[in-house]
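Here's the letter readout for the chains.
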Amino acid sequence: MPVTAARETADAVQTAVAHSFSAWHDLISESFVPLHVRSSNPGQFHGRLRSRLLDELSIVEVTATGHSVHRTPSLIARSDRPYFKLNLQLAGTGLLVQDNREAVLQPGDLAVYDTSRPYTLAFESDCRTLVLMFPHDALDLPAGSVGRLTATRMAADKGLGRMVSPFMTQLAENLDALSGPSGHRLAHNTVDLLSTMLAAELDQAQDGPERPHEELLGGIRRFIEANLADPELSPASIAAAHFISTRHLHNVFQEAGTTVAHWIRTRRLENCRRELRDPLLAHRPVSAIAARWGLVDAAHFSRIFRSAFGEPPSTYRRPA
């Protein structure tokens, strides 16, 4: 058979081995997003995926001979939901190209890229990488801001990379341990850690005159995050707290590719979604979870949650 797979339970590590290049093409596209795959030596190709899905965080260890993957505009047009992918190079060398930037990745290096825009990821020889894939709205950062970091090398020996790279390496080595309530909590903690690292990278890159709003945006984001539970949180109250006009506030968020109202709603819904999926909070009523994040109108919450995630919160909740 071209592909062999070992599967135990829905919550177990999934392992799939491709013994042909055509099988690898199908496997990669099914495991991530649709991709075109190329190899200079397809007749001698071998690849393996070890993966785990925790809520909406996909953790995949990729081991393969040399090849490249390409996300094209035509493939993007067929996709609905945008995702970020974070690569940790574990062995070999990778080249990531997106948004007119290139990052050469050595073992320990990290890089982020966006499935809603074209990219290429190439490996000339044998390689091993860990890929984390998660929806845009899982991060407490505007997608437009994260877009400034795509295809940018984050070294294992600098900044927060000193902590994040070893942590992700341990994820790759311990996929089997990510089970039960603690595994799902760790998935959320992982995304929070990545948000912190990316925010730190943005802070370091904000000194250019072309981004005068970046520092202000960071402060406003932190203010919103700290006040999501307040049902009276609004553009007017946010602007007043930062001594700016509401018009200026809207301009700052427009520059980041979003709106104030959309950002508040998205962050509230994402926090509700996470708590609804948390097995340790299965006893808490849906209405209490919504109210905890500033959504006190139960009917309104149900409507916007269903619009965002495709089903009402009562059925989205993980079975106890």
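Residues numbered from 1 in each chain as written. Predicted model: local features only at pLDDT ≥ 70, side-chain atom pairs only at ≥ 80, totals over all residues. Heavy atoms only, no water.

Phi angles above zero are rare outside glycine, and Ala 151 is one such case at about 55°. Note that Ala 151 resides in the loop between helix H3 (143–146) and helix H4 (161–173). Although it is not a glycine, Phe 243 sits at a positive phi angle of roughly 60°. (Helix = DSSP H or I, 4+ residues; strand = E, 2+ residues; numbered from the N terminus.)

Let's shift gears to the packing of helix H6 (residues 214–226) against helix H9 (residues 260–277). Where H6 contacts H9, the axes come no closer than 10 Å and their chain directions differ by 45°. Between H6 and H9, the angle falls in the class oblique. Regarding H6 and H9, the two cross each other, and that crossing is right-handed. Along its contact with H6, which presents Arg 221, Ile 224 and Glu 225, the element H9 presents Trp 263, Ile 264, Arg 267 and Asn 271. (Axes fitted to C-alpha atoms, helices over the stretch in contact; angles between N-to-C directions. Parallel < 35°, antiparallel > 145°, perpendicular 65-115°, else oblique. Left-handed = near helix turned anticlockwise from the far one by under 90°. Contact = heavy atoms within 4.5 Å.)

Before going further, it helps to examine the packing of aromatic side chains. Two descriptors summarise a pair of aromatic rings, namely the distance from one centre to the other and the angle between the planes of the rings. Enumeration according to the criterion identifies eight aromatic pairs in this entry. One aromatic cluster is present, built from ring pairs that chain together Phe 301, Phe 305, Phe 309 and Tyr 316. Positioned over the ring face of Phe 32 is Lys 85, at 4.2 Å from the centre of the ring. Across the ring face of Tyr 316, the terminal group of Arg 277 is positioned such that the distance to the ring centre comes to 4.2 Å. (Phe/Tyr/Trp six-rings, centres within 6.5 Å; stacked < 30°, edge-to-face > 60°. Lys NZ or Arg CZ within 6 Å of the ring centre and 35° of its normal.)

Turning our attention to the pattern of salt bridges. Summed over the entire model, instances satisfying the criterion amount to 18 salt bridges. A salt bridge links Glu 56 to Arg 273; the shortest N-O distance between them is 3.3 Å. Of this pair, Glu 56 sits in the loop between strand S4 (47–54) and strand S5 (57–64) while Arg 273 sits in helix H9, and the two are 217 residues apart along the sequence. The class of Arg 273 is buried, set by a relative accessible area of 3%. Between Arg 117 and Asp 99 there is a salt bridge, with its nearest N and O atoms 2.8 Å apart. Here Arg 117 is found in the loop between strand S10 (110–114) and strand S11 (119–123), whereas its partner Asp 99 is found in the loop between strand S8 (94–98) and strand S9 (101–105), with 18 residues between them in sequence. On the basis of relative accessibility, which here comes to 25%, the residue Arg 117 falls in the partly exposed class. (Salt bridge = Lys/Arg side-chain N within 4 Å of Asp/Glu carboxyl O. Buried < 20%, exposed > 50% of the residue type's maximum accessible area, 1.4 Å probe, protein only.)

With that settled, consider the environment of Ala 200. For Ala 200, the location among the structural elements is in helix H5 (residues 180–204). A C-alpha to C-alpha distance of 8.3 Å links Ala 200 and Gly 159, two positions 41 residues apart in sequence.

This part covers the side chain of Asp 114. Positionally, Asp 114 belongs in strand S10. A relative accessible area of 1% places Asp 114 in the buried class. A polar contact of 2.8 Å, which involves the side chain of Asp 114, links it to the side chain of Ser 116. One polar contact links Asp 114 to Arg 117, side chain to side chain, over a distance of 3.1 Å. (Polar contact = N/O pair within 3.5 Å; in protein donor to acceptor, adjacent residues only side chain to side chain.)

It is worth spelling out empty space enclosed by the protein at this point. Over the atoms, a rolled probe matching the size of one water molecule traces out where space is still vacant. One pass over the full model with this rule turns up four cavities of 30 Å³ or more. Computed from the structure, the largest cavity encloses a volume of approximately 120 Å³. In this structure, the largest cavity is lined by 14 residues; those nearest its centre are Ile 28, Phe 32, Val 62, Val 69 and Leu 121. Breaking the lining of the largest cavity down by element, the ones donating at least two residues are strand S6 (67–71), strand S7 (83–91), S11 and strand S12 (127–135). Ranked by the residues each element gives to the lining of the largest cavity, the list is headed by S11, at three residues. Grouping the constituent residues of the lining of the largest cavity by class yields ten nonpolar, three polar and one charged. (1 Å grid on protein atoms, 1.4 Å probe; cavity = no way out; pocket = protein on both sides within 12 Å on 5 of 7 lines; lining within 4 Å. Points joined across faces, edges and corners; volume = space filled by probe spheres on them. Nonpolar A, V, L, I, M, F, W, Y, C, P; charged D, E, K, R; others polar.)

Attention shifts here to the sheet that holds S11. What the five strands build is an open sheet, ordered S3-S6-S11-S8-S9; its pairing is antiparallel. Whereas interior strands pair on both sides, the edge strands pair on one side only; in this sheet they are strand S3 (36–38) and S9. With direction set aside, neighbouring strand axes in the sheet form an average angle of 15°. Across three bridges, the pairing between S3 and S6 is antiparallel. Its bridge partner lying in S6, His 36 is registered against His 70. (Pairing = 2+ DSSP bridges.)

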